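Structural characterization, general
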Amino acid sequence: SKSLSDEENLKLFGKCNNPNGHGHNYKVIVTVRGEIDPVSGMVINLTDLKEYMQEAIMEPLDHKNLDKDVPYFAEVVSTTENVAVFIWENLKKLLPLGTLYKVKVYETDQNIVVYKGEETI
């Protein structure tokens, strides 16, 4: 985080605090919801969903240094939580209104983030 000192970053982020960066092989699961089309038997065509995921996730993030190559992360700390928000926002722009239900991002088998958008009360 640019807003923290080197010591604060080390304390907060531990081994992930590397000034030269480090890599992850994230796994992303997208859940959609809605009415099942009586003809196709699907909420959304899976071919379309794959294309949306390619555009929203793979093109901007795959084989990238998030902090240096993805403009969104120039000012946002590239935690798994914020990666999930980034994916949600990108997919929400592409999917039919109201179909995106959940984005689940695995950084590791033990570090998993689930994001369902902003809740409104």
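Definitions and limits used
- Residues numbered from 1 in each chain as written.
- Predicted model: local features only at pLDDT ≥ 70, side-chain atom pairs only at ≥ 80, totals over all residues.
- Heavy atoms only, no water.
- UniProt positions renumbered as here; feature names shortened; annotations may be inferred.
- Axes fitted to C-alpha atoms, helices over the stretch in contact; angles between N-to-C directions.
- Helix = DSSP H or I, 4+ residues; strand = E, 2+ residues; numbered from the N terminus.
- Parallel < 35°, antiparallel > 145°, perpendicular 65-115°, else oblique.
- Left-handed = near helix turned anticlockwise from the far one by under 90°.
- Contact = heavy atoms within 4.5 Å.
- Nonpolar A, V, L, I, M, F, W, Y, C, P; charged D, E, K, R; others polar.
- Core = buried A, V, L, I, M, F, W, Y, C linked by side-chain atoms within 4.5 Å.
- Buried < 20%, exposed > 50% of the residue type's maximum accessible area, 1.4 Å probe, protein only.

An unreviewed UniProt entry lists the chain under the name 6-pyruvoyl tetrahydrobiopterin synthase, from Thinocorus orbignyianus. Here the chain is described in UniProt, under the heading Function (unreviewed entry), as follows: "Involved in the biosynthesis of tetrahydrobiopterin, an essential cofactor of aromatic amino acid hydroxylases. Catalyzes the transformation of 7,8-dihydroneopterin triphosphate into 6-pyruvoyl tetrahydropterin." You can read under Sequence similarities (unreviewed entry) in the UniProt record for the chain the words "Belongs to the PTPS family."

**As for the packing of helix α2 (residues 46-61) against helix α4 (residues 80-94)**
Where α2 contacts α4, the two axes come as close as 9 Å, and the packing angle between them is 140 degrees. On the basis of their axis angle, the class for α2 and α4 is oblique. Seen from above, α2 lies across α4 with right-handed handedness. Of the residues in α4, those in contact with Tyr-52, Met-53, Glu-55, Ala-56, Ile-57, Pro-60 and Leu-61 of α2 are Val-83, Phe-86, Ile-87, Asn-90, Leu-91 and Leu-94. When its residues are assigned to classes, the contact of α2 with α4 shows eleven nonpolar, one polar and one charged.

**Section: the nonpolar core**
One recurring pattern in soluble globular proteins: nonpolar side chains tend to sit buried together. Grouped together as the largest cluster of nonpolar side chains are 22 residues, with contacts concentrated most on Leu-61, Ile-87 and Leu-91. Going through the elements one at a time, α2, α4, β2 (100-106) and β3 (112-115) are the ones with two or more residues in this core. The element contributing the most residues to this core is α4, with seven residues. When residues no more than four places from it in sequence are discounted, the contact partners of Leu-61 are Leu-66, Val-70, Phe-73, Val-83, Phe-86 and Ile-87.

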